[in-house]
Every structure is written in C-alpha cells, then in structure tokens.
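Residue-level listing of the chains:
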Amino acid sequence: MTRERSERLFAEAVELLPGGVSSPVRAFRAVGGSPLFIDRGEGAYLVDVDGNRYVDYVLSWGPLILGHAHPRVVAALEEALRKGTSFGAPSPLELELARLIRDAMPSLELVRFVSSGTEATMSALRVARAFTGRTKIVKFIGCYHGHADFLLVQAGSGVATLGLPDSPGVTPGAVADTLTAPFNDLAAVEALFDTHDDIAAVILEPVVGNMGLVLPQPGFLDGLRDLTAARGALLIFDEVMTGFRVHPGGAQALYGITPDLTTLGKVIGGGLPVGAYGGRRELMELIAPAGPVYQAGTLSGNPLAMTAGIETLRAIAEPGVWDALERSGARLEAGLRALGADVQVSRAGTMFGMFFSDAPVRDWDTAKRADTHRFAALHAALLERGVYLAPSQFEAGFISTVHGDAEIDATIEAAREALSGV
C-alpha cells in the first residue's frame, strides 16, 4: 500500500497550513506518520489520493450517518444549489428542519440555528447566564464543548491528543468562572454547588465522545437533573455528537432525562457546517430579536446545510433504519469485545470506543491510563488492512447505514490480524 502522494501533499501542506491541517487531530500526531489526503468518499468507504480504499469509521467525525455521498442527500443538494447557496434571509427550510428536530427532541421548544457546535455551546451558556443571573458554569474533565476560550479547560479530544494542558492565548480571566469535576462523579458536582452559590449551568456530553467513548454510570444523569433543579441552575446537554447518534431522540431520549437546553450539530447538517441550540420557550425567548441576549451569524440556517440535514433526518426516521443501525453496532461491539480481555469496548447506538486497558473506563482519569502506544500500533496496522479509525485514542468511532455485515466482519477480521502483531 503506497502513500506517496499523500506524503507529498502533506509536505506541501505544512508550508501553507499550520501543522499542515485545518483541524488538529487530523495531523496523525498521536498515532505517528502523516495524514492521508482523501480524494473521495463512497458509502462506507474513503478513497485516498493514492487510490487506497478504507472502511471509514470517522465519517467526518460523526455527521455522515448515511455514509458518504448518499444519493438522496446529493440529489437534494444539487436541487438546492441551483436556487442559491445563501440568502441572509429566512427560508422555509429552516422551519422544516426545526420541526424535525423538535419532533425527535420535544425538549427543544424553540431552536436557533448557527454554523458550528462551538457557536451552539457558547450561545447556550450565554442564555443560561442571562436567565439565572449567575456567572459560573460547571463542565466535566475530558468533555469537549468547542474552542471558545472559557470552555478550553480540561477539554479532552484534540487538546488531550496533542498533550496540551490548555490553550495559550486563553487568559485566566476567561476561565475564572469555569469549574470542573470528574465525569460520573456526582458528589464532586454537589461539592461545587456547596462551595459556589453562583453556578448558572452544568454542561456535559451525556455520552462522552471526546475522551474515547465513555458512558454515564447509572444514576449520574438523573442525579445531575435533580441537583441542578434543586439549586436553581440549568442542565445543558451537549448533543453535538450524540444527537441522532446514540438514539433517534438523542441521549436525552435514551436515558429519559429532559435537559433545560440542548446543543446540536454534525448529523443535523448531513455533512455540511451546522450547529443549533434549543430548549424551553422561556429560555429561548431571551435570544434577540425576541429578547436581549445577542447572537447572530451570517450563514446561520443557510439553505444547503438545512437541505442536507432535512434529508438525513428524514432518512434515519424511516421504519427499520434505526433497528438496522443498532444491529450493525451490536455486531461490531461483539466482534471487538471478542478480541481480548484487555480491550475495553463501549458503545451507544452508532458510536463506539475501545481502550487498551485492564480496567473499565469511566472518566478522564481512567481513560488516560489506557495504552496509547498500543492504540497507535493498532491504528497503523488497521490502515494497512484498509480500515480507517480516528487517529486518536481519545475520539469515538462511528458507523453509518451503509456499514453492512460485510464491512463489519471485514473490520473485525482486520482487527484480529492487526492485534496479533501489536
């Protein structure tokens, strides 16, 4: 398997882009070697510029739940493109996508579209502070909520992958009102509320996808719901990654918890840049022009992203589609679990993760004890066998509707062969 052209392009890229990439984890720093440059996506597969073909479990870091270049999405985008790329004015498409989201997640009584998950989380937290009149927020160590200054604290994901403790350029003042607690540790959150009477909100990934895949322990999410309600703070679910990925109604439907605010992205744009936040009417009507909390965006609700999102959500809502996704996820999970006792495997819906560890992974402390050198060796060996995982121990994997038995079984066999040499 040659990667000559990818390597040549990366050598050019480092002269044009910081680190040769447009987003940090793509650089393969955590797994060694240089990144693959992709020519095209075809269903469950990526094809790189050297003509190598890979079963893709990155899927653009989550959005492509229908796989690459799904004919239905492509056809809808072609039609939308002929009408224009952006209007800077309201479009009926925004209403259609908002209805689809609200039907799946009734807690989002009103929805505001933005262009990224980072915008969504920073805006939702602005609303929370305005509503409560409080300043502090609680986030969890290892949870990533975008790259806004005040959220780059113990942020997992690319920050952890690159070994960055936090980001230079973020001032002490910017993070002064951000409190942190270990994921799955309700007592630690209670202690923060006992110490601080000005906590506006608790924000978390209800299923963490940014330190590998880490599931909430029984009672943790319920406990947060009860605690925030009792202390007058808001509970914010960051479902940018988990929305329509762990359940058709997101993690809030999977676990039966109703957050005050929810942030979304990825799947709701069908592969185009998008974000959204929403929640109870009384909260969302604080946002301008309905209320005094300002937030705006030139490309918010643009017709291309709305179109791709509409087609994607319609497709996964069709009878039998989610059941098939669950079967594929369970098949992959079972195959990976059979690889060995020291491989910890977790899954929620169409998301999965694996750690080389002899102990269950429940938070950032246990996640970072995993053997990242073995993961890097496995990653390289799988690439040689035509399987493309995220180039980081601390990122979740994803499946799509076009990952069938053939792709799943080939992946399990490739992993078995790769592990024999790791």
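See the structure above.
Below you will find a few notes about this structure. (Residues numbered from 1 in each chain as written. Predicted model: local features only at pLDDT ≥ 70, side-chain atom pairs only at ≥ 80, totals over all residues. Heavy atoms only, no water.)

**Observations regarding the overall build of the protein**
Thinking step 1. Secondary structure assignment for the protein yields 15 helices and 14 strands.
Thinking step 2. Here the C-alpha radius of gyration of the protein, 21 Å, is about what a compact globule of 422 residues would show, namely 22 Å.
Thinking step 3. For the C-alpha atoms alone, the extent of the protein along its principal axes is close to 60 × 55 × 45 Å.
Thinking step 4. A sequence separation of at least 24 residues applies to 72% of the contacts in the protein between residues at least 6 apart.
Thinking step 5. For the protein, the exposed surface amounts to about 17,200 Å²; the carbon and sulfur share of it is 53%.
Thinking step 6. Between the centroid of the 35 positive side chains of the protein and the centroid of its 49 negative side chains there is a distance of 2 Å. (Helix = DSSP H or I, 4+ residues; strand = E, 2+ residues; numbered from the N terminus. Rg over C-alpha atoms; globule rule 2.2 N^0.38 Å. Contact = heavy atoms within 4.5 Å. Areas by Shrake-Rupley, 256 points an atom, 1.4 Å probe, with all protein chains shown as cover. Lys, Arg positive; Asp, Glu negative; His and termini not counted. Charge placed at Lys NZ, Arg CZ, Asp CG, Glu CD.)

**Let's talk about the sheet that holds strand β11 (residues 343–348)**
Thinking step 1. The strand order across the open sheet built from three strands is β11-β12-β14, with neighbouring strands paired in antiparallel fashion. Whereas interior strands pair on both sides, the edge strands pair on one side only; in this sheet they are β11 and β14 (397–398).
Thinking step 2. Note that strand β12 (residues 351–356) and β14 share two bridges and pair antiparallel. Of the residues in β14, the one forming a bridge with Met351 is Phe398. (Pairing = 2+ DSSP bridges.)

**Some remarks on the sheet that holds strand β8 (residues 234–238)**
Thinking step 1. Taken in spatial order, the seven strands line up as β4-β10-β9-β8-β7-β5-β6 in an open sheet, and their pairing is mixed. The open sheet has two free edges, formed respectively by β4 (110–114) and β6 (178–182), since each of these has just one partner strand. Each strand axis lies, on average, 20° off the axis of its neighbour in the sheet, ignoring direction.
Thinking step 2. The sheet contacts of helix α3 (residues 92–104) involve β4 and β9 (261–265), and relative to β4 the element is tilted by about 125°.
Thinking step 3. Set on the sheet, helix α8 (residues 220–231) makes contact with β5 (136–141), β7 (199–204) and β8; between it and β8 the angle comes to about 145°. (Axes fitted to C-alpha atoms, helices over the stretch in contact; angles between N-to-C directions.)

**Thoughts on the packing of helix α12 (residues 321–337) against helix α15 (residues 405–420)**
Thinking step 1. Close contact between α12 and α15 brings their axes to 10 Å; oriented N to C, the two are set at 15°. In terms of orientation, α12 and α15 fall into the roughly parallel class. At the point where α12 passes α15, the crossing takes the right-handed sense. Residues Ser328, Arg331, Leu332, Gly335 and Leu336 of α12 form the contact with α15, whose own contacting residues are Asp405, Ile408, Asp409, Thr411, Ile412 and Ala415.
Thinking step 2. Split by residue class, the contact of α12 with α15 holds five nonpolar, three polar and three charged. (Parallel < 35°, antiparallel > 145°, perpendicular 65-115°, else oblique. Left-handed = near helix turned anticlockwise from the far one by under 90°. Nonpolar A, V, L, I, M, F, W, Y, C, P; charged D, E, K, R; others polar.)

**Thoughts on the packing of aromatic side chains**
Thinking step 1. All told, the structure shown has six aromatic pairs when counted by the stated rule.
Thinking step 2. Between Phe140 and Phe220, the ring centres sit 5.6 Å apart and the planes meet at 75°, which makes this aromatic pair edge-to-face. Placement of Phe140 in strand β5 and of Phe220 in helix α8 is noted, with a sequence separation of 80 residues between them.
Thinking step 3. Here Phe140 falls in the buried class, since its relative accessible area comes to 0%.
Thinking step 4. In this structure Phe220 comes out as buried when scored by relative accessible area, which is 4%.
Thinking step 5. Ring centres 4.9 Å apart and planes at 65° place the aromatic pair Trp364 and Phe394 in the edge-to-face group. (Phe/Tyr/Trp six-rings, centres within 6.5 Å; stacked < 30°, edge-to-face > 60°. Buried < 20%, exposed > 50% of the residue type's maximum accessible area, 1.4 Å probe, protein only.)

**Points about the pairing of strand β10 (residues 275–279)**
Thinking step 1. Across the five residues of β10, five count as buried, placing the element largely inside the fold.
Thinking step 2. For β4 and β10, the ladder comprises five bridges, and the chain directions are antiparallel. Counterpart to Val114 in the pairing with β10 is Gly275.

**Observations regarding the environment of Gly270**
Thinking step 1. Within the secondary structure layout, Gly270 lies in the loop between β9 and β10.
Thinking step 2. With a relative accessible area of 13%, Gly270 lands in the buried category.
Thinking step 3. In contact with Gly270, other than residues within four places in its own chain, are Pro63, Leu64, Val73, Ala308, Gly309 and Thr312.

**Comments concerning the pattern of salt bridges**
Thinking step 1. Counting across every chain of the model gives 24 salt bridges.
Thinking step 2. Across the pair Glu326 and Arg347 runs a salt bridge whose closest N-O atoms are separated by 3.1 Å. Within this pair, whereas Glu326 is found in helix α12, its partner Arg347 is found in strand β11, the two being separated by 21 residues in sequence.
Thinking step 3. Note that Asp342 and Arg374 form a salt bridge whose closest N and O atoms lie 2.5 Å from each other. Note that Asp342 is positioned in the loop between α12 and β11 and Arg374 in helix α14 (residues 372–384), a separation of 32 residues in sequence.
Thinking step 4. Classification of Arg374 as partly exposed rests on a relative accessible area of 24%.
Thinking step 5. Via salt bridges that share partners, Arg72, Glu96, Glu311, Arg314 and Glu318 belong to a single interconnected network. (Salt bridge = Lys/Arg side-chain N within 4 Å of Asp/Glu carboxyl O.)

**Details of empty space enclosed by the protein**
Thinking step 1. Going through the model one piece at a time under the given rule, you end up with three cavities of 30 Å³ or more.
Thinking step 2. The calculated volume of the largest cavity comes to roughly 120 Å³.
Thinking step 3. Of the residues forming the lining of the largest cavity, the biggest block, four residues, is contributed by β12.
Thinking step 4. Of the residues in the lining of the largest cavity, the class split is nine nonpolar, five polar and one charged.
Thinking step 5. Roughly 50 Å³ of internal volume is contained in the second largest cavity.
Thinking step 6. What lines the second largest cavity is simply Leu332, Leu336, Phe352, Met354, Leu378, Leu382, Leu389, Thr411 and Ala415.
Thinking step 7. Secondary structure elements with two or more residues in the lining of the second largest cavity: α12, β12, α14 and α15.
Thinking step 8. Among the residues making up the lining of the second largest cavity, the classes are represented as eight nonpolar, one polar and no charged. (1 Å grid on protein atoms, 1.4 Å probe; cavity = no way out; pocket = protein on both sides within 12 Å on 5 of 7 lines; lining within 4 Å. Points joined across faces, edges and corners; volume = space filled by probe spheres on them.)

Function-wise, these values are silent; they only describe arrangement.
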